[in-house]
Protein chains: 2
Amino acid sequence: MSTIGDVAKQAGVSRSTVSYALSGKRAISDETRTRIEAAINELGFTPNAGARALKTAQTMVLGLLLQFHPDEFAPAMLQYVLPVSEAAREEGYDILMVTDPDGPRGIRRIADSDMVDGIVLLDVTAQDPRLDALRATRKPAALIGLPRDTAGLDVIDLDFGEAARILVDHLQELGHREIVLICPPHHVVERGGSYVWRFRDSAIERAARYGLQIHPYYGESRQPAIRHSVDAILDAHPKATALVVHNDATIAALPAILRERGVDVPTDLSVVSLYSRDFGEEFSLPFTAVESAADVLGRSAVTQLVRRITRSPDAGAPVVRFVPPVLTDRGSTQHPRR
Amino acid sequence: MSTIGDVAKQAGVSRSTVSYALSGKRAISDETRTRIEAAINELGFTPNAGARALKTAQTMVLGLLLQFHPDEFAPAMLQYVLPVSEAAREEGYDILMVTDPDGPRGIRRIADSDMVDGIVLLDVTAQDPRLDALRATRKPAALIGLPRDTAGLDVIDLDFGEAARILVDHLQELGHREIVLICPPHHVVERGGSYVWRFRDSAIERAARYGLQIHPYYGESRQPAIRHSVDAILDAHPKATALVVHNDATIAALPAILRERGVDVPTDLSVVSLYSRDFGEEFSLPFTAVESAADVLGRSAVTQLVRRITRSPDAGAPVVRFVPPVLTDRGSTQHPRR
DNA sequence: CCTCATCGTCGAACCGGTTCGAAAGCCGTG
DNA sequence: CACGGCTTTCGAACCGGTTCGACGATGAGG
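What you see is a predicted model, and the numbers here were worked out from it, not measured in a lab. (Residues numbered from 1 in each chain as written. Chains lettered and ligands numbered in written order. Predicted model: local features only at pLDDT ≥ 70, side-chain atom pairs only at ≥ 80, totals over all residues. Heavy atoms only, no water.)

1. As for the protein's contact with DNA strand D
As a matter of local geometry, DNA strand D sits amid 32 residues, with A:T17, A:T32, B:I4, B:R15 and B:R26 nearest to it. For DNA strand D, the fraction of protein-proximal atoms (within 4 Å) that sit in sugar or phosphate groups is 49%. At 3.0 Å from a phosphate oxygen of DNA strand D is found a side-chain nitrogen or oxygen belonging to B:K25. Looking at the surface near DNA strand D, the elements that each hand over two or more residues are α2 (15-23) and α4 (49-56) of chain A together with α2 (15-23) and α4 (49-56) of chain B. The element that contributes the greatest number of residues to the surface near DNA strand D is α4(B), accounting for five residues. Looking at the surface near DNA strand D residue by residue, the class counts come to 11 nonpolar, 13 polar and eight charged. (Near = heavy atom within 4 Å. Polar contact = N/O pair within 3.5 Å; in protein donor to acceptor, adjacent residues only side chain to side chain. Helix = DSSP H or I, 4+ residues; strand = E, 2+ residues; numbered from the N terminus. Nonpolar A, V, L, I, M, F, W, Y, C, P; charged D, E, K, R; others polar.)

2. Quick notes on the interface of chain B and chain A
Chain B puts 44 residues into the contact, and the matching count from chain A is 44 residues. Roughly 4,000 Å² is buried in total at the junction of chain B and chain A, and carbon and sulfur atoms are behind 60% of that figure. Three residues stand out in chain B for area buried against chain A, namely B:L78, B:M97 and B:E282, and they jointly supply 16% of the buried area on that side. Where chain B packs against chain A, one counts four salt bridges. Residue B:E260 is joined to A:R259 by a salt bridge in which the shortest nitrogen-to-oxygen separation is 2.8 Å. Where chain B touches chain A, the interface holds 10 residue pairs in polar contact (both at pLDDT 80 or more). Only α4, β1 (61-65), α5 (75-90), β2 (94-98), α6 (103-112), α12 (248-261) and α13 (277-282) of chain B provide two or more residues apiece to the side of chain B that touches chain A. No other element matches the seven residues that α5(B) contributes to the side of chain B that touches chain A. Residue classes in the side of chain B that touches chain A are distributed as 22 nonpolar, eight polar and 14 charged. Relative to β2(B), strand β2 (residues 94-98) of chain A is paired through three bridges, and the arrangement is antiparallel. Looking at β2(B), one finds that A:L96 is bridged to B:L96. (Contact = heavy atoms within 4.5 Å. Buried area = accessible area lost by both parts, 1.4 Å probe. Salt bridge = Lys/Arg side-chain N within 4 Å of Asp/Glu carboxyl O. Pairing = 2+ DSSP bridges.)

What is shown is where atoms sit, not what they do.
Now the structure itself:
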């Protein structure tokens, strides 16, 4: 690879002149600029990222931390990765993806060695052990997922409470009086996934307010447990006229399960859920649902992070943003027959 | 952040001594080593990656290039990403993930600016436009997927031809005489996904050799087209006793489709397929299948790449490796009733 | 006792950019 | 004609590491 010195020699100017021609931070005469550009093309010069980062103290790279939990629905993660990567690129950043099972160590490694200008944390839990490491480094960060203590952190997440209220309201308006709620698996709660209880509590609270009967359950994440659990739950509540599913694995398996049981949607049962548009298309899910909008969250986290990086170091108070959910009606609900 | 100079001052030695204590490339007395270690701990020093990369001309980062094709089964990609990332970390490398829709540009950007020491290309097609860019940079690379021209490149892929032969052999041994073959969608062929015709041609060739009737089709990637296409195909061949499916989206939807048609596996129809173990577990697919072994391919690509990076520049001829497929019998086949 | 090898450490150069201060050349003006 | 100001370019310092050659101290061998 050629260096800026090679270009300078070729164009008959000094290294600094080439640098200024490239950055535009000082005026360069048209004549020398064209000579420099010619030299750059001829030599195929591209500035060395390491050297530039060393001097400017900016790497133009963002860290993306993800953790894969065994026994969890993996495709969901990808929903976030792609929008984050695309948004970063649009802002001029590349993505250093860290999947170290030891999250805090991964953060320290890329932050303390200044490999990245900022960090996006995916799937943040209530007491996420990564947050201590994150606060110890002085790097800007944006979280997707709500921790218990948000002090000093930029956080973005779907408003799961509002999502639950929207769905319960929708069923209540249609006249349903007894509904079943299937949440994510219980081990997600244990891990501290706050979206589980934020959705769950709001749904229960909202149902109580309307005087609706609601039967909350934690679902499963793998077949054949999903099928068995759904069967048992539906058997236990023959009078329920509506089903709220907040569980990707369950909703993906639901069409087959209901078909087998001979249950028609929405004639026999109204079904509402919460999943992303992509996910729904992937599995052609025919359910009225609130969109989880992973792309909105991913992009928003990146823009917030970039703002934090560029606008002075600590300018502005930390931002906790809850994205308002949107209902997409796919016709999987109607008035209860009874 | 503190620098190596701060550590040196704190420990009362020169910068070079600290560097040697860290790298172990020269002997350091126990006495000063402990003093240096104390200083490092006290100051929380971590070497700056950019500075180190600048001098050593090694970034300890691998580029991972992926492209998302609309209308394609996205989860498949993740199967490779995680093993690649884990294998890289075990070798001491981090992963710079590039999802630029313009592949060649992404390669040039990270390679010419020396952000990475080597590149892993995912989902390589027969005439992949990224290969020219790759050859232009002098960076080592490893491809997953078989291009038409492998000159000078390290390539690894599943032996799809052998996979097809294994499956056809399996059915032939059981006594099947008429089988249906569902391949990936036709637009994958147009894009140059060589694994389509490598599997397809081998299956047809093998069937012909045994005198079996085989009906090859290109499948769909999205519902409800999948369902319609499978229905039409099965209707067209009522005498076929076995089904070979080389199509993730189709195989995922197949249990529901067959149940609806009232077709029992394996009593009415023997089914074999090709998918990864994870994928099968995710969707609890009950089919005898050849494993696509994305983890093996991903890890193998990384180890080959690292070998190429560390062992001198161009030591050793390029390697094209076909991973032998393995059949997992899940009991979805039996002797045809007729 | 002198020489020589070895050990442990230091200073300086270097990697490839960026950026600051200054200098050279040119113009218009008093 | 001297002077000030503007434009364009250069040289040098710097970012934070690594590495080479050298140097003083120590100990062994003749």
